Amino acid sequence: MSSFLSRAALAASSIAVLILSPMNPVLAAEVVDTHSYANSAEVRTTHLVIDLDVDFAKRRLKGVTELQFEKLKPDADRIVLDTRALDVRSAEASADGKAWAATKFVLGANDAVLGQSLTVSLPTGATRVRIVYSTKPEATGLQWLKPAQTAGKKQPFLFSQSEAIHARSWLPLQDSPAVRATYEASVKTPKGLRAVMSAEMSDQPDAAGRWTFKMPQPIPSYLIALAVGDIAFQSMGPRTGVYAEPATLKAAAYEFAETETTLAVCEKLFGPYRWGRYDLMVLPPSFPFGGMENPRLTFVTPTVITGDRLLVSLIAHELAHSWSGNLVTNATWEDFWLNEGFTEYLTYRLTEAQFGKARGDMERIIGVASLKTDFALAKSDEDRKLVRAFPAKDPDEVFSSIPYERGALFLVWLESKFGRETFDRFLRSWFDDHAFQSATTPQFIAYLNDKLLKAQPGKVSAAQIDAWISQPALPADTVYATSDALTKVDAGRDAWLAGTTTLDAIGAEKWSVQEWEHFFEGFPKTATAAQLKALDTRFKLTGSPNAIIASDWYKLAIDSSQAAALTPQIEAYLGHVGRMKLISPIYRALAATEAGKAQAKAIYKKVGSGYHPIAQQTVERILKGS
Ligand code: BES
Ligand code: ZN
């Protein structure tokens with residue numbers, strides 16, 4: 001607990017100090033990561049050599065991970081790593097990478113959130129250690145899928161999801177975003193299955209049947225990623241392509257064909273893309289997120305493959321992380337908004353540049369709607385701030401759209417104060433000046449002071465910045481987007497609900513998914529059974545192939561107590577999709593009544609084993625009411 005408090009005091013005091021004297025540098029040593037046991041201020045990993053054998057029958061990876069390091073403290077005699085539920089067999093140390101000798105290791109007590117420290121003794125002269133271990137079936141950073149959970153239904157599938165602190169459940173390492181390392185890896189798969197990772201890769205296994213990988217840029221541990229399955233590849237452009245199960249490949253390549261253009265637009269706005277290729281890996285529907293920005297290889301949910309290319313801002317978002325997050329990384333999970341708020345802002349800019357202002361504004365409004373929802377769901381004012389005064393114990397538990405959308409609104413507000421051209425130059429230099437580094441919020445504020453506030457005094461005050469970052473309420477002068485299209489949706493919905501117009505007259509047959517989202521967002525819970533039935537009959541919402549529209553519709557039906565007849569379809573949906581953003585609102589809506597909660601529990605009992613461990617935890621929290 002004491003380290004939590006000291007980080008809080010440090011954060012509070014450094015923000016204040018930096019606003020007053022922007023030239024004060026924040027020393028890397030000051031960064032306290034309460035979510036890692038690693039002694040990275042003394043011994044810091046620089047390179048990983050990862051060897052894994054994939055065993056689907058036992059649901060485990062058998063591995064050897066070598067960690068090369070530099071000593072920041074020359075007399076350091078141990079390296080401390082993070083692990084969670086790993087079977088550690090042995091540890092060895094070496095001075096030259098050739099001669100290895102067993103060395104002592106100790107696993108610390110288990111913490112439900114942080115896992116166990118692994119302290120490895122360093123003999124004099126050691127420059128590297130290696131750990132022989134295997135993962136457990138319950139590894140929180142892996143999901144093992146049965147063939148039935150895949151598109152092809154014939155082969156099993158495995159994927160990792162390391163962010164925020166789950167890399168440690170499949171790799172023993174210094175699991176802190178303030179530590180960057182390059183990596184190389186080799187992965188042995190069952191015959192006929194391919195492995196892909198967030199790294200350079202070849203399209204054939206080596207002579208020993210191992211898939212090999214190399215990530216030459218230093219990255220934080222949460223960006224190490226692996227997927228194994230019946231995976232095929234299709235090129236989309238010179239630097240872009242898509243990996244997917246063969247059954248999904250064609251639709252995916254069509255849906256995401258604009259990615260090469262998005263990449264060019266992004267470079268024009270924010271500087272060169274520094275990672276070589278940008279490929280997508282489409283996962284089975286149990287993937288718990290929309291997307292994950294694993295470098296060179298974004299992981300993406302298949303629920304955005306709708307045939308109309310309208311949900312590709314998700315790709316823009318993950319691509320934008322190649323600057324905000326992967327290039328300049330939040331130093332701790334309290335600084336998460338530096339990753340996600342920046343990325344959301346960049347995404348809106350990309351959408352606007354590629355598809356026009358009207359579409360960008362629609363997405364901004366939908367973003368603000370999700371912010372309002374999460375403001376209402378937040379358990380305390382602490383969760384409503386951009387940066388909490390004290391760290392949350394579990395980053396997964398406090399995950400919400402607040403760092404995303406509040407962060408983006410903060411940058412929109414800054415843009416409005418300094419003008420787009422100036423602000424773009426500032427952003428670009430923020431990325432360039434911090435490339436391949438981790439950054440804290442106080443560092444950002446210092447940089448902002450130095451580069452913008454001081455250069456143009458009187459435009460923005462320290463108190464205003466502080467309100468954005470450490471006050472719970474949104475500032476009164478927040479800049480919101482407007483959208484003619486969405487205003488029309490509001491008018492149509494409200495007139496139809498009031499009985500002054502017909503469903504045919506509101507133009508919904510031409511609506512984009514964004515317009516539908518907005519339509520549902522503003523729907524009262526008081527609609528009659530007849531109204532909902534008319535809506536469903538006219539637009540075939542039940543069983544909609546569009547997973548976003550289906551989720552919104554089921555939630556509305558439940559909220560309006562009109563879902564009894566839809567139980568089989570809702571159950572089928574919850575048994576097929578595992579993306580938390582789509583299933584959580586349905587579980588939450590069900591859990592709002594006692595009968596609904598019992599029903600939700602029964603459904604979860606049936607389908608929950610198909611969810612990713614993080615999604616299981618999220619749904620269990622909803623059903624427990626915590
Ligand atoms: N990096 C996140 C996903 C993430 C965040 C995983 C925290 C684990 C912990 C990713 O870039 C993301 O934000 N995904 C969003 C996409 C959206 C905002 C377009 C998602 O999955 O919904
Ligand atoms: Zn993101």
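The rules behind each value
- Residues numbered from 1 in each chain as written.
- Chains lettered and ligands numbered in written order.
- Predicted model: local features only at pLDDT ≥ 70, side-chain atom pairs only at ≥ 80, totals over all residues.
- Heavy atoms only, no water.
- Donors = N, O, S within 2.8 Å, 3.2 Å for Na, K, Ca; no water.
- Tetrahedral: all angles 85-135°; square planar, octahedral: opposite > 155°, others 65-115°.
- Buried < 20%, exposed > 50% of the residue type's maximum accessible area, 1.4 Å probe, protein only.
- Pairing = 2+ DSSP bridges.
- Helix = DSSP H or I, 4+ residues; strand = E, 2+ residues; numbered from the N terminus.
- Axes fitted to C-alpha atoms, helices over the stretch in contact; angles between N-to-C directions.
- pLDDT = per-residue confidence, 0-100.
- Contact = heavy atoms within 4.5 Å.
- Phe/Tyr/Trp six-rings, centres within 6.5 Å; stacked < 30°, edge-to-face > 60°.

(A) Quick look at the coordination of the zinc ion (ligand 2). Here the zinc ion (ligand 2) is held by His317 (NE2), His321 (NE2), Glu340 (OE) and Glu340 (OE), and the distances to it run 1.9 to 2.7 Å. Its six donor atoms give the zinc ion (ligand 2) angles of 53 to 163° at the centre, a pattern that matches the irregular case. Donor residues for the zinc ion (ligand 2) sit on one chain with the sequence pattern H-x3-H-x18-E. Note on His321: relative accessible area 0%, which makes it buried.

(B) Representation of the sheet that holds strand β9 (residues 142-145) within the structure. The antiparallel open sheet is built from four strands, whose spatial order is β9-β10-β15-β12. Among the strands making up the open sheet, the edge pair consists of β9 and β12 (194-197). Averaged over all pairs of adjacent strands, the angle between strand axes in this sheet comes to 10°, irrespective of strand direction. As defined by bridge partners, strand β10 (residues 157-160) adjoins strand β15 (residues 226-229) across two bridges and the pair is classed as antiparallel. Each bridged residue has a counterpart across the sheet, and for Phe159 the counterpart in β15 is Ala227.

(C) View of the confidence of the model for the protein. In the predicted model, the protein carries a mean pLDDT of 95, and the fraction of residues at 70 or more is 95%. With pLDDT under 50 throughout, residues 1-29 is counted as low confidence; its partners more than four residues away or in other chains account for 38 contacts.

(D) The arrangement of unusual backbone geometry in detail. In this model, Glu163 is joined to Ala164 through a cis peptide bond whose omega is 0°. With respect to the secondary-structure elements, Ala164 resides in the loop between β10 and β11 (180-188). Positive phi outside glycine occurs at Lys540, with the angle close to 50°. Mapped onto the secondary structure, Lys540 falls in the loop between α13 (529-539) and α14 (547-559). What makes Lys540 exposed here is its relative accessible area of 62%.

(E) Fine view of the packing of aromatic side chains. Per the stated rule, a full pass over the model turns up 42 aromatic pairs. Aromatic pair Phe410 and Trp468: ring centres 5.6 Å apart, planes at 25°, arrangement stacked. Of this pair, Phe410 sits in helix α7 (residues 402-418) while Trp468 sits in helix α10 (residues 462-470), and the two are 58 residues apart along the sequence. Between Tyr587 and Tyr604 the ring centres are 6.4 Å apart and the planes differ by 85°, which places this aromatic pair in the edge-to-face class. In this pair, Tyr587 is assigned in helix α16 (residues 580-591) and Tyr604 in helix α17 (residues 594-607), connecting sequence segments 17 residues apart.

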